[in-house]
Amino acid sequence: MDACDFQLERNAFGRLVWIAATGERFDGVTPVRAFPVSAPFEGLSLLHADGHELAWIDRLDALPPAVRSLIEEELAAREFAPEILRLKSVSTFSTPSTWEVETDRGNTRFVLKGEEDIRRLDGAALLITGGQGVHFKVRDMLALDPVSRRLLGRFL
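About the criteria used
- Residues numbered from 1 in each chain as written.
- Predicted model: local features only at pLDDT ≥ 70, side-chain atom pairs only at ≥ 80, totals over all residues.
- Heavy atoms only, no water.
- Helix = DSSP H or I, 4+ residues; strand = E, 2+ residues; numbered from the N terminus.
- Rg over C-alpha atoms; globule rule 2.2 N^0.38 Å.
- Buried < 20%, exposed > 50% of the residue type's maximum accessible area, 1.4 Å probe, protein only.
- Contact = heavy atoms within 4.5 Å.
- Lys, Arg positive; Asp, Glu negative; His and termini not counted.
- Charge placed at Lys NZ, Arg CZ, Asp CG, Glu CD.
- Arc of directions from axis to C-beta.
- Polar contact = N/O pair within 3.5 Å; in protein donor to acceptor, adjacent residues only side chain to side chain.
- Pairing = 2+ DSSP bridges.
- Axes fitted to C-alpha atoms, helices over the stretch in contact; angles between N-to-C directions.

Participant: Please explain the overall build of the protein as it appears in this structure.
Facilitator: Counting secondary structure elements, the protein contains two helices and 11 strands. What you see in the protein, going N to C, is helices and strands ordered as β-β-β-β-β-α-β-β-β-β-β-β-α. By the compact-globule yardstick of 15 Å for 156 residues, the protein is too spread out, its C-alpha radius of gyration being 19 Å. Taking all 156 residues of the protein together, the buried fraction comes to 37%. A fraction of 34% describes how many contacts in the protein between residues 6 or more apart in sequence connect residues 24 or more apart. Between the averaged position of the 19 positive side-chain charges in the protein and that of its 24 negative side-chain charges there is a distance of 9 Å.

Next comes the structure, spelled out in structure tokens:
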């Protein structure tokens, strides 16, 4: 969809409002990524509160900055996947094990129930699911420090 075909704004309650080129307005719009892990900036749908698609966006970076910013804010509020920056320790090299990690949102610990909870993504990226269902991202396991790579390597 052409980025000029619609506008986005927030209403008084902080919800997204989609405004068509004709002036028609829809409150409660939700952005949904088609491929949130493998292609987070490509293929995005804007859904009305009733679930109908209002707009399809091929690339998020093709949107005007103001519209892109609103969508990114909304996605950030809904998607919680801290990025692991460093592995501090693991309790044991078998599962279940307790991992202490440093993330982009602070230090935390989680239980890795099984090695199947570590999913390889494109390149050297990983998605790790903790025992409570929280997903942790590793953007590039090769960019981690040597100690973190060694600890992680025991589970791959």
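Now that the structure has been shown, we can carry on.
Participant: Any chance you could explain helix α2 (residues 146-153) here in plain terms?
Facilitator: Along an α-helix, a turn takes 3.6 residues, which lines up residues three or four apart on a common side. When α2 is considered as a whole, its buried residues turn out to be Ser148, Leu151 and Leu152. Along the axis of α2, the buried residues cluster in a sector spanning 95°; they form a single face. In this fold, the buried residues of α2 make contact with β6 (84-90), β7 (97-103) and β10 (126-129). Two or three places before Val147, at the opening of α2, Asp145 has a side-chain oxygen 3.2 Å from that residue's backbone nitrogen.

Participant: Explain the pairing of β6 to me, please; I cannot follow it from the model alone.
Facilitator: It is a general feature of regular strands that their side chains alternate between the two faces of the sheet. Pairing of β6 with β7, which is carried by five bridges, proceeds in the antiparallel orientation. Bridge pairing in β7 links Arg86 to Glu102. The turn joining β6 and β7, which pair antiparallel and follow one another in sequence, is formed by six residues.

Participant: Looking at this model, I keep getting lost on the sheet that holds strand β8 (residues 106-112). Mind explaining?
Facilitator: Each strand in a sheet pairs with its neighbour through backbone hydrogen bonds, running either in the same direction (parallel) or in the opposite one (antiparallel). With antiparallel pairing, the three strands of this open sheet are ordered in space as β6-β7-β8. Lying at the two open borders of the sheet, with one neighbouring strand each, are β6 and β8. In this sheet, adjacent strand axes meet at a mean angle of 30° when their direction is disregarded. Across seven bridges, β7 lies against β8 in antiparallel orientation. Within β8, the position partnered with Glu102 by the bridge is Asn107. Of the strands in this sheet, β6 and β7 touch α2, which is tilted by about 65° from β6.

Participant: Help me out: how do you make sense of the side chain of Glu83 in this one?
Facilitator: Looking at where Glu83 falls in the secondary structure, it is placed in the loop between α1 (65-78) and β6. A relative accessible area of 15% means that Glu83 is categorised as buried. Once you skip the residues sitting within four places of it in the chain, Glu83 turns out to touch Glu102, Thr103, Asp104, Lys137 and Arg139.

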